[in-house]
Structures are given as structure tokens and as C-alpha cells.
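Take a look at the letters that make up each chain.
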Amino acid sequence: GAVVSQHPSWVICKSGTSVKIECRSLDFQATTMFWYRQFPKQSLMLMATSNEGSKATYEQGVEKDKFLINHASLTLSTLTVTSAHPEDSSFYICSALIAFHEQYFGPGTRLTVT
Amino acid sequence: KQEVTQIPAALSVPEGENLVLNCSFTDSAIYNLQWFRQDPGKGLTSLLLIQSSQREQTSGRLNASLDKSSGRSTLYIAASQPGDSATYLCAVVNTNAGKSTFGDGTTLTVKP
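It should be emphasised that the depicted structure is a prediction, and the values quoted were computed from it without experimental measurement. (Residues numbered from 1 in each chain as written. Chains lettered and ligands numbered in written order. Predicted model: local features only at pLDDT ≥ 70, side-chain atom pairs only at ≥ 80, totals over all residues. Heavy atoms only, no water.)

### Thoughts on the confidence of the model for chain B
Here is step 1: Of the residues in chain B, 98% have a pLDDT of 70 or more, and the chain-wide mean is 93.
Here is step 2: When mean pLDDT is compared element by element in chain B, strand β8 (residues 72–77) of chain B scores highest at 98, while strand β10 (residues 100–102) of chain B scores lowest at 90. (pLDDT = per-residue confidence, 0-100. Helix = DSSP H or I, 4+ residues; strand = E, 2+ residues; numbered from the N terminus.)

### Considerations on the sheet that holds strand β1 (residues 4–7) of chain A
Residues and elements named next belong to chain A.
Here is step 1: The strand order across the open sheet formed by 4 strands is β1-β3-β8-β7, and the pairing between neighbours is antiparallel. The open sheet has two free edges, formed respectively by β1 and β7 (67–73), since each of these has just one partner strand. Recorded for the sheet is a direction-independent mean angle of 15 degrees between the axes of neighbouring strands.
Here is step 2: Bridge count between strand β3 (residues 19–25) and strand β8 (residues 76–81): 6 bridges; the pairing is antiparallel. Bridging from a neighbouring strand, I21 pairs with L79 of β8. (Pairing = 2+ DSSP bridges. Axes fitted to C-alpha atoms, helices over the stretch in contact; angles between N-to-C directions.)

### Things to note about the pairing of strand β11 (residues 109–113) of chain A
Residue and element names in this part refer to chain A.
Here is step 1: Of the two faces of β11, the one holding T109, L111 and V113 is buried and the one holding R110 and T112 is not buried anywhere.
Here is step 2: Of the pairings in the sheet, the one linking strand β2 (residues 10–13) to β11 comprises 4 bridges and is parallel in character. Its bridge partner lying in β11, I12 is registered against T112.
Here is step 3: Pairing geometry for strand β9 (residues 90–97) and β11, over 3 bridges, is antiparallel. Bridge assignment links S90 to a residue of β11, and that residue is L111. (Buried < 20%, exposed > 50% of the residue type's maximum accessible area, 1.4 Å probe, protein only.)

Encoded structure:
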């Protein structure tokens with residue numbers, strides 16, 4: 001099956017710094033990737049849709065200047081959390097869309113902001 | 001706006017039991033429905049994908065059904081094992097943009 005990787009798997013950063021999370025499709029090309037956020041014991045909340053070669057589409061309530069998304073190639077999308085604060089601590093998961101709109105998810109990145 | 005509900009929120013069964021997880025959605029104009037498994041602190045593993053034109057899909061001990069008209073899907077797990085313990089999520093895609101709406105999940109515990 002399709003494989004999606006994320007890097008790093010976990011990161012701890014200080015308040016005010018920026019963190020970049022990478023999402024890669026390893027054995028296929030993905031023109032569309034999604035970024036989700038998940039709080040403990042809650043379901044996934046879609047943050048934005050990342051399209052290769054164009055600007056990301058953000059969901060209502062998600063700050064585009066805080067969560068910068070770049071989809072520079074057909075196998076890589078990045079999410080940068082700028083000026084991170086403790087409330088940004090969360091589990092961030094990406095997914096890639098393949099045929100028939102089936103999604104394959106990455107393993108997630110645990111972000112802790114101190 | 002699509003809303004997805006999963007019942008029950010938690011389920012505990014003895015090993016060997018057959019069980020059913022339920023997923024309901026409010027807008028029946030879906031493109032597909034996908035069932036996932038999530039282990040604590042991990043990402044999502046795709047279990048089954050049902051296209052809107054299909055009624056069911058099977059993989060090993062898992063069988064998922066879809067009734068679009070009533071807005072329901074079920075995930076049937078046969079002969080449950082402790083290794084099946086996880087949170088099961090269903091997600092529906094409404095448009096060909098591929099955006100999914102997730103339910104809150106059912107946390108399954110299978111006791112040895």
C-alpha cells in the first residue's frame with residue numbers, strides 16, 4: 001500500500017520559535033495532501049488542504065500566517081508552525097490523496113511547546 | 001455541513017466475540033467512506049474504503065457495510081483479538097475535493 005512518512009516524529013521547542021514538519025509520499029506522487037490536528041482523546045480536525053504548486057486552502061478558524069504550508073513537489077508538503085506557543089502543542093498528522101480519494105496517513109508528529 | 005457520529009464511544013468485549021461498530025452521517029451525498037484504526041500516539045491505518053456505489057467491503061476478519069440512503073455504515077469485526085484493541089474512526093468524503101469529515105471514534109478494548 002501507499003506509504004506516507006512524517007519527520008520529525010516528535011519535537012519539543014521553546015515558545016516563540018518556529019517548527020517545520022515534513023510530510024512525504026514515499027512510493028507515489030500526491031498532488032493533494034491534507035494537514036490535520038488532533039487533541040488528546042479527540043478526533044482529527046482538518047487544518048488545510050495542500051495542493052502541489054499552488055497556495056494551501058485553510059479551514060475556517062485556522063490562522064494561515066501561523067501555520068505555513070508549502071507543497072513544493074509532488075512528494076513533499078511541509079507545515080511550519082511559526083512563533084509557537086504552548087497552546088499549539090498537539091499531534092499533527094498529514095495525509096495524501098490517491099485514486100478514488102482514498103487517504104493514506106502519516107505516522108504523526110507530536111509537538112510540545114514549552 | 002456534514003456531521004459524522006460514531007456509537008458507541010467505547011466498547012469492551014471478551015476475546016473471541018463478534019462485534020459491530022456504527023457510523024452515521026447526516027449528508028448522504030458522499031463520495032466514499034473510509035474506516036481507520038488508530039493506536040495510542042500513532043497515526044491512522046486505513047482498514048477499508050467503500051465507494052458510494054458499493055454496499056460493502058471485506059478484508060480478513062473485517063467487513064464494512066454502507067447504506068447511503070439511511071446515512072449509515074457499520075464495521076463488523078469477527079472473532080475479536082486483544083490486538084484489535086484500538087480506536088476506530090470513520091471518515092466520509094462529500095466532494096471530489098477529497099476533504100474528509102471524521103467521527104469521534106470508538107475505542108475498543110478486547111480482553112484476553
